[in-house]
Amino acid sequence: MQYLWAFVVGGGICVLGQLMFDVLKLTPAHTMSTLVVIGAIADALGWYEPLVEFAGAGATVPITSFGNALVHGALTELHDTGPIGVITGMFKVTSAGISAAIIFSFLAALVVRPKG
Amino acid sequence: MLRGKQTWWFENRPVIIGTGTVVGPDEGAGPLAADFDLVHAELDLNQKSWEKAERLLLEQASDFAIKNAGIRKEQVQFYIGGDLLNQLISNSFTARDLGLPYIGVFGACSTSMLSLALAAQLVDSGAAQYAMAGTCSHNCTAEKQFRYPTEYGAQKPPTAQYTVTGAGAAVVAASGSGPVITCATIGKILDLGISDPFNMGAAMAPAAVDTIQTHLSDTGRMPADYDMIVTGDLASVGHRIAVDLFARDGVPMQDTVFGDCGLMIYDIERQKVQAGGSGCACSAVVTYGHLMKRLNRGELKRILVVATGALLSPLSYQQGETIPCIAHAVAIERGDV
Amino acid sequence: MATRTAGRGKFKPMSMSSKEYKTFAKQREPSRSVLGNCVRAFVTGGLICVLGQAIQNGYMTWLKLSATQAAGPTVATLIFISVLLTCFGVYDKIAQWAGAGSAVPVTGFANSMCSAALEHRAEGLVLGVGGNMFKLAGSVIVYGTVAAFVIGLIHVIFGIRGH
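Quick caveat: nothing in here was measured; it's all calculated off a predicted structure. (Residues numbered from 1 in each chain as written. Chains lettered and ligands numbered in written order. Predicted model: local features only at pLDDT ≥ 70, side-chain atom pairs only at ≥ 80, totals over all residues.)

A closer look at the nonpolar core
To be explicit about the condition: The term nonpolar core refers to a group of buried residues, namely Ala, Val, Leu, Ile, Met, Phe, Trp, Tyr and Cys, whose C-beta atoms join them within 7 Å. Partly exposed residues are those whose C-beta has more than 12 but fewer than 20 other C-beta atoms within 10 Å; with 20 or more the residue is buried, with 12 or fewer it is exposed, and the C-beta atoms are placed from the backbone. We call two residues in contact whenever the C-beta atoms placed from their backbones are within 7 Å.
Formed by 128 residues in total, the largest nonpolar core has its most connected members in Ala119(B), Ala131(B), Val171(B), Val172(B) and Val306(B). In this structure Ala131(B) touches Val76(B), Gln77(B), Phe78(B), Ile80(B), Ala119(B), Leu122(B), Val123(B) and Val172(B), once residues within four positions along its chain are discounted. Grouped together as the second largest cluster of nonpolar side chains are 83 residues, Met32(A), Val36(A), Leu75(A) and Ala154(B) included.

Right, here's the structure in full:
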């Protein structure tokens, strides 16, 4: 069941992205930026965490979860250490993703050439 | 000699005495593969960067053109060329190695006919005995500069076009055997408000139609006077628009074969090229390779090649500008017509 | 409306207003198969999320991690797979078919960074790879950060204590 909801919710978020591509004619950069902001707002409204509970990877894998994680980190740190926490807490949760992307991309660029 | 508003009439009938065409693997998999001097199996031509590969294409094409013309490189007075890359580096570096007086021109995908028209004008007016026109493009350098990194997963819409990997060069002389350039119409820029860089065909079609209609007015010719009129790279979307625009203006294009190089160079059904080919090399290799051969075989007697170019930059698009376009037409016919 | 005047080859140059032409061109534009694209995006995105779920469950089972602890390694693993596929030159082929299905998951984010890094290797490791890696991913990070900041600011101003 967990897998079913991961499939449905994850797929659903991607369909939202596809509609932005095809109907709103947004570029990938515009679409991803919009989805990240949507994820951030959803967490601010308290909607994203329940979605993660419900759909698991269906909510944590799409790029919307990046916005969710940034807000989550900011607000958790705000709660723990006060207003400065908004800035210091943001990248706590997202660090794994960004670090991994930088490191693996860099290593790849050392040994691999683009194939076109 | 000037005829009409923007057409040069070449009284001394400069001759295309030799051409050279070099292409990449996708073009080698297309229907015109047999008409090119060299087909590369590797997209990077075993070079260290896409830009170096594009340069090599042009070097080889110009070598073939000079060889096929039966002259020595030193006999060429001027080399006129251009490409899509910033600062025309493919042409600058090739011209450096050629060691010939160099005139760099930018016409985006219309460069082939822009440079050929200028070469013909130099020879016709006695300013040169031999002039060479050349251009090149590479799918990956174009994607890298104008769109996205080549391995980036962005879905291309059906209106997108596929930049041809290739180079074409032609040597024009005052006399000799080969097809003759009789006139050329230099186009003016048209911008009818299309701003989508993934829909170049629609942006360029008005420029092609304007240049062709002006050419016919200036020369007093009708479409029926040509065996074939080809546009450079309007591809399926732009070509269809052009057909409808001609019908709307009452131009009888049905009296001739109205084709497009972007539709000829690839097998649109089989190859994943969306709307068709584009790039400077598209019109160059199809004209200097395929169409030259058909002229020499006598299958075609007189053709009009109308290369079309979209004169945008990545920055102009990001700043919200529309796409200004241009088209240049060159009339080529068999020497015995 | 341009009309043909009497006499051979006397055609007026193109004359159509920009507004008129844009409509003219739009009518002749091949339509995207939106439904087909959405179905493909749904399936691909769903499958990538299922894969993510399987990886997460794997880490929770074999490494005895909690769900929160497994989140980081799961994302890192998916990113590794995406970088691998980008290096093999297949991610863009998948993306042409899948559209948003491969762009929206974090794998798309990794692909954007890896493809930029690979492409600009020719310009050197510092200016090329280092300077261009965030060419496409940069706007995602910027807008996520700014949005989180604005939301945090709203919480501070209105005295909401946060999570």
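Some words on the interface of chain A and chain B
Where we set the bar: All amino acids are sorted into three groups, where Ala, Val, Leu, Ile, Met, Phe, Trp, Tyr, Cys and Pro are nonpolar, Asp, Glu, Lys and Arg are charged, and the leftover types, Gly among them, are polar.
Taken together, the 5 residues of chain A in the interface contact 8 residues of chain B. Looking at the side of chain A that touches chain B residue by residue, the classes come out as 3 nonpolar, 1 polar and 1 charged.

A closer look at the interface of chain A and chain C
How we decide: Helix and strand assignments come from DSSP, with helices taken as H or I runs of at least 4 residues and strands as E runs of at least 2, each series counted from the N terminus.
Listed per partner, the contact involves 59 residues of chain A and 61 residues of chain C. Elements supplying a minimum of two residues to the side of chain A that touches chain C: α1 (2-22), α2 (28-44), α4 (57-60), α5 (64-81) and α7 (91-111) of chain A. Among the residues forming the side of chain A that touches chain C, the class breakdown is 41 nonpolar, 15 polar and 3 charged.

So, the environment of Ala307(B)
All names here are of chain B. Considering the arrangement of structural elements, one finds Ala307 in strand β14 (residues 302-310). Measuring from C-alpha to C-alpha, the distance between Ala307 and Thr214 comes to 14 Å, with 93 residues separating the pair along the chain. Apart from the residues lying within four places of it in its own chain, the contact partners of Ala307 are Cys109, Ser110, Ser112, Met113, Gly232, Ser283, Ala327 and His328.

Description of the confidence of the model for chain C
Heads up, the rule is: What pLDDT conveys is the predictor's confidence in a given residue, as a value from 0 to 100.
Within chain C, residue pLDDT values average 91, and 93% of them lie at 70 or more. Quick note on the complex model: pTM equals 0.95, ipTM equals 0.95.

A few points about the pairing of strand β10 (residues 180-185) of chain B
Residues and elements named next belong to chain B. Put simply, the test is: Pairing between strands is defined by DSSP: at least two bridges between the two strands are required.
Of all the 6 residues making up β10, 6 are buried; the element is thus mostly covered by neighbouring parts of the structure. Pairing analysis gives 3 bridges linking strand β2 (residues 7-9) to β10, with the strands arranged antiparallel. Considered in β10, the bridge of Trp9 is made with Cys183.

Quick look at the packing of helix α3 (residues 67-87) of chain C against helix α6 (residues 106-119) of chain C
Between two packed helices, both the angle of their axes relative to each other and the distance between the axes serve to describe the pair. Residues and elements named next belong to chain C. What counts is decided by this rule: Note on definitions: angles span 0 to 180 degrees between N-to-C directions of axes, and those axes are lines fitted to C-alpha atoms, for helices only across the stretch in contact. Oblique is the label for any angle not covered by the other classes, which are roughly parallel (under 35 degrees), roughly antiparallel (over 145) and roughly perpendicular (65 to 115). By definition, turning the near helix anticlockwise from the far helix through less than a right angle yields a left-handed crossing, and turning it clockwise yields a right-handed one.
Taken N-terminus to C-terminus, the directions of α3 and α6 make an angle of 50°; their axes are 8 Å apart at the nearest point. Accordingly, the angle class assigned to the pair α3 and α6 is oblique. α3 and α6 meet at a crossing whose hand is right-handed. Counted together, Val75, Leu78, Ile79, Ile81, Ser82, Val83 and Thr86 of α3 and Val106, Thr107, Ala110, Asn111, Cys114 and Ser115 of α6 form the full contact between these two elements. A breakdown of the residues in the contact of α3 with α6 according to their chemical character gives 8 nonpolar, 5 polar and no charged.

Some remarks on helix α4 (residues 91-98) of chain C
All names here are of chain C. Note the threshold: The reported arc concerns the directions from the helix axis to the C-beta atoms and nothing else.
Within α4, the full set of buried residues consists of Tyr91, Asp92, Ala95 and Ala98. Axial view of α4: buried residues confined to an arc of 130°, hence all on one face. In this structure, the buried residues of α4 make contact with α2 (34-62), α3, α5 (100-103) and α6. The first or second residue beyond α4 is Gly99, which carries a positive phi of 60°.

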